[in-house]
Amino acid sequence: MPSMYHQVLIVGGGLAALRAAIEAKDAGLGVAVFTRVHPVRSHSVAAQGGVNGALANAEKGADDTIEKHAFDTVKGSDFLADQPAAITMTADAPKRIIEMEHWGCPFSRTSDGKIAQRPFGGAGYPRTCYAADKTGHALLHTMYEQAVKRNIKVYEEWTVLSLVVENGVCRGVIALDLRDGDIHPIGADAVIFGTGGTGRVYGRSTNSIIVTGSGMAIAYQAGVPLKDLEFIQFHPTSLFGNNVLITEAARGEGGYLRNVNGDRFMEKYAPKAMELGPRDIVARSIQTEINEGRGFPGGYVALDLTHLGAQKILERLPAIRDISINFVGIDPIEKPIPIQPGQHYTMGGIDTDVDGATTLKGFYAAGECACVSVHGANRLGGNSLLETIVFGQRAGAHASQYVKGNGRGRPSEDLLFDKLHEVRGRWERLRAADGPEDPAAIRDEMKATMIEKVGIFRDAQKMTDAVETVKRLQDRYQKVHVNYRGRRFNLDLLRTFELGMKLQLAEVIARGALDRKESRGSHARTDYKDRDDANWLKHTMAHHTPGGPRFDYKPVEITKWQPEARRY
Ligand SMILES: Cc1cc2nc3c(=O)[nH]c(=O)nc-3n(C[C@H](O)[C@H](O)[C@H](O)COP(=O)(O)OP(=O)(O)OC[C@H]3O[C@@H](n4cnc5c(N)ncnc54)[C@H](O)[C@@H]3O)c2cc1C
């Protein structure tokens with residue numbers, strides 16, 4: 001069978017990928033989307049609280065500006081964000097949000113009919129636009145409608161396993177059709193990844209199980225560096241017991257955090273911003289209360305919404321109420337919600353510029369899989385949905401320009417089939433594997449190690465242990481067995497294949513974190529408590545080698561604001 005070919009091949013069906021697909025289609029190119037799940041099942045659909053843009057619609061935010069949004073983003077990042085990138089993102093924000101509104105996104109409204117905006121952590125103004133507490137759902141369905149309207153071809157339940165590269169140029173992908181278990185080569189002039197984060201390398205994650213990081217690992221294996229992967233966001237409020245996210249909007253709407261004594265403990269840690277401090281600080285404060293014995297038995301604190309009243313909760317936080325009732329049997333109108341911090345977001349990712357371009361020609365990335373970098377060492381809530389629509393659009397536009405100027409047409413069958421044989425060989429060897437090691441046990445140990453030893457509070461001893469454990473798990477992975485060898489919908493085999501990728505990412509995270517001898521944003525070391533701008537105001541770059549990652553560093557672009565102490 002001859003290979004397939006598309007001018008612009010998009011991997012992923014979430015917000016970043018679909019936005020890129022729309023842009024390339026509107027540029028008149030042949031576009032196809034390959035996604036492991038139906039687009040509207042992407043993790044973007046789970047986003048709750050909202051998307052940031054300096055629209056200045058809120059009563060108390062009338063003098064908000066793009067520049068203030070950019071500064072809050074840079075300060076939130078603990079000055080590790082590239083400032084021109086943060087300025088680009090915040091300047092594009094109003095355009096992209098209003099575009100979503102015009103495409104039909106059902107945003108919540110102010111009394112005079114404008115898009116409503118609520119306060120969020122680390123922001124000086126109410127600038128988070130929302131659709132109740134189901135903003136991702138509203139945005140993703142709107143985006144998907146636009147893709148359908150344009151007849152964009154979507155290959156659902158196809159998982160990309162590898163890139164195809166010829167002389168330093170990306171020429172397509174190798175992908176698995178999950179329905180029949182066949183693996184296919186697909187040629188392309190440009191490939192754009194919108195494959196999401198890597199949350200499920202960690203235990204206690206708010207991310208859906210499809211958030212495996214495979215896109216990052218595939219790029220890394222193809223020689224594209226991963227940037228700042230040691231910066232992992234822990235969200236302050238996930239449901240105690242199963243870590244379903246309880247949106248920051250619960251605090252944005254006025255919720256309080258209380259310890260076992262009933263105290264609003266945030267006054268000790270962020271006296272001005274209180275519950276609306278940035279996520280790294282609030283997560284550490286909660287964990288400190290728990291560690292020092294002021295949590296509730298079992299290890300949690302209370303998110304108290306009872307004073308907000310039934311009407312506000314029903315109108316602004318209906319999904320939070322449902323989650324709380326369904327998962328822990330607590331109605332937040334009547335009783336506080338038990339919460340603990342959980343892994344939530346990957347600040348680092350595939351190294352790109354503001355147009356999504358990478359060091360590999362013809363290969364682009366946008367959304368959570370990419371690191372532009374706008375989030376630096378700590379992302380502000382609401383800036384991630386923004387990143388998907390801004391940089392999805394930019395990557396789509398730039399890739400289209402590239403294809404129009406440099407398109408080479410179909411790659412040779414030899415190139416594609418050589419790569420196919422290599423990838424299929426790996427896949428078939430794993431399908432036949434019958435070693436003594438259970439992949440589920442390896443996965444569980446990896447997740448527990450990462451959350452316990454490369455978690456909210458880190459030190460050299462714990463991280464050295466983590467690096468050693470991950471190395472041991474990589475060895476054990478070589479002796480793994482699979483439980484099911486069928487071809488159709490073999491998710492067991494796919495998850496085991498991806499476990500090898502996750503172990504590579506876990507190593508990059510743990511080693512990058514161990515090497516970074518300072519505390520910055522989400523990376524909080526008890527043995528190096530201070531930020532060290534003299535030595536560590538730089539991006540970590542991890543390069544793939546057969547023996548593990550090789551690290552070097554890249555300067556941070558500081559063009560407007562000099563680093564200062566972060567106070568909230
Ligand atoms: C519970 C939750 C709530 C959140 N709330 C907010 C919020 O209120 N505001 C905010 O700004 N941010 C929020 N975030 C973060 C934000 O939602 C995500 O960062 C963002 O939606 C990621 O979008 P994406 O398009 O990059 O990737 P995703 O939406 O994760 O999509 C990834 C896509 O890639 C596909 N894919 C992955 N690997 C492969 C492969 N190898 N082959 C083929 N397809 C592949 C998947 O099928 C999927 O379609 C939240 C995150 C979570 C988990």
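For the structure itself, consult the block above.
Report follows, based on the coordinates. (Residues numbered from 1 in each chain as written. Predicted model: local features only at pLDDT ≥ 70, side-chain atom pairs only at ≥ 80, totals over all residues. Heavy atoms only, no water.)

Right, let's talk about the overall build of the chain for a bit. Summing up its helical and strand segments, the chain has 16 helices and 21 strands in all. In terms of C-alpha radius of gyration, the chain reaches 23 Å, essentially the compact-globule figure of 24 Å for 568 residues. C-alpha extents for the chain along the principal axes are approximately 65 × 55 × 50 Å. Out of the 568 residues belonging to the chain, those deemed buried represent 63%. Long-range pairs, those at least 24 residues apart, make up 74% of the contacts in the chain between residues at least 6 apart in sequence. Total accessible area computed for the chain in this model is approximately 20300 Å², and 48% of it derives from carbon and sulfur atoms. Charge centroids of the chain, computed over 72 positive and 69 negative side chains, lie 1 Å from each other. (Helix = DSSP H or I, 4+ residues; strand = E, 2+ residues; numbered from the N terminus. Rg over C-alpha atoms; globule rule 2.2 N^0.38 Å. Buried < 20%, exposed > 50% of the residue type's maximum accessible area, 1.4 Å probe, protein only. Contact = heavy atoms within 4.5 Å. Areas by Shrake-Rupley, 256 points an atom, 1.4 Å probe, with all protein chains shown as cover. Lys, Arg positive; Asp, Glu negative; His and termini not counted. Charge placed at Lys NZ, Arg CZ, Asp CG, Glu CD.)

Taken together, 38 residues sit near the ligand, with Ser-42, His-43, Ser-44, Glu-368 and Ser-384 positioned nearest. Ala-16 places a polar main-chain atom, nitrogen or oxygen, 3.0 Å from an oxygen atom of the ligand. Gly-382 has a polar backbone atom sitting 3.4 Å from an oxygen atom of the ligand. Here the ligand loses 98% of its free accessible area of 1000 Å² to cover by the protein chains. Secondary-structure elements contributing two or more residues to the shell around the ligand are helix H1 (15-26), strand S2 (31-35), strand S7 (158-166), strand S14 (337-346) and helix H11 (383-406). With four residues, the top contributor of residues to the shell around the ligand is H11. (Near = heavy atom within 4 Å. Polar contact = N/O pair within 3.5 Å; in protein donor to acceptor, adjacent residues only side chain to side chain.)

This paragraph deals with the sheet that holds strand S10 (residues 226-227). Spatial ordering of the open sheet is given by S17-S15-S10-S20-S21, a layout of five strands whose pairing is mixed. One side of each edge strand has no neighbouring strand; the edge strands of this open sheet are strand S17 (370-371) and strand S21 (550-555). Bridge count between S10 and strand S20 (residues 538-543): two bridges; the pairing is antiparallel. Along S20, the bridge assignment pairs Lys-227 with Met-541. The strands touched by helix H15 (residues 491-515) within the sheet are S10, S20 and S21, with S21 carrying the most contacts at an inclination of about 60 degrees. (Pairing = 2+ DSSP bridges. Axes fitted to C-alpha atoms, helices over the stretch in contact; angles between N-to-C directions.)

The subject of this paragraph is the pairing of strand S1 (residues 4-11). Here S1 runs beside strand S9 (residues 182-193); their pairing, made up of seven bridges, is parallel. Within S9, the residue paired with Ile-10 across the bridge is Ile-192. Bridge analysis of S1 against S2 gives four bridges, and the strand direction is parallel. Considered in S2, the bridge of Ile-10 is made with Val-33.

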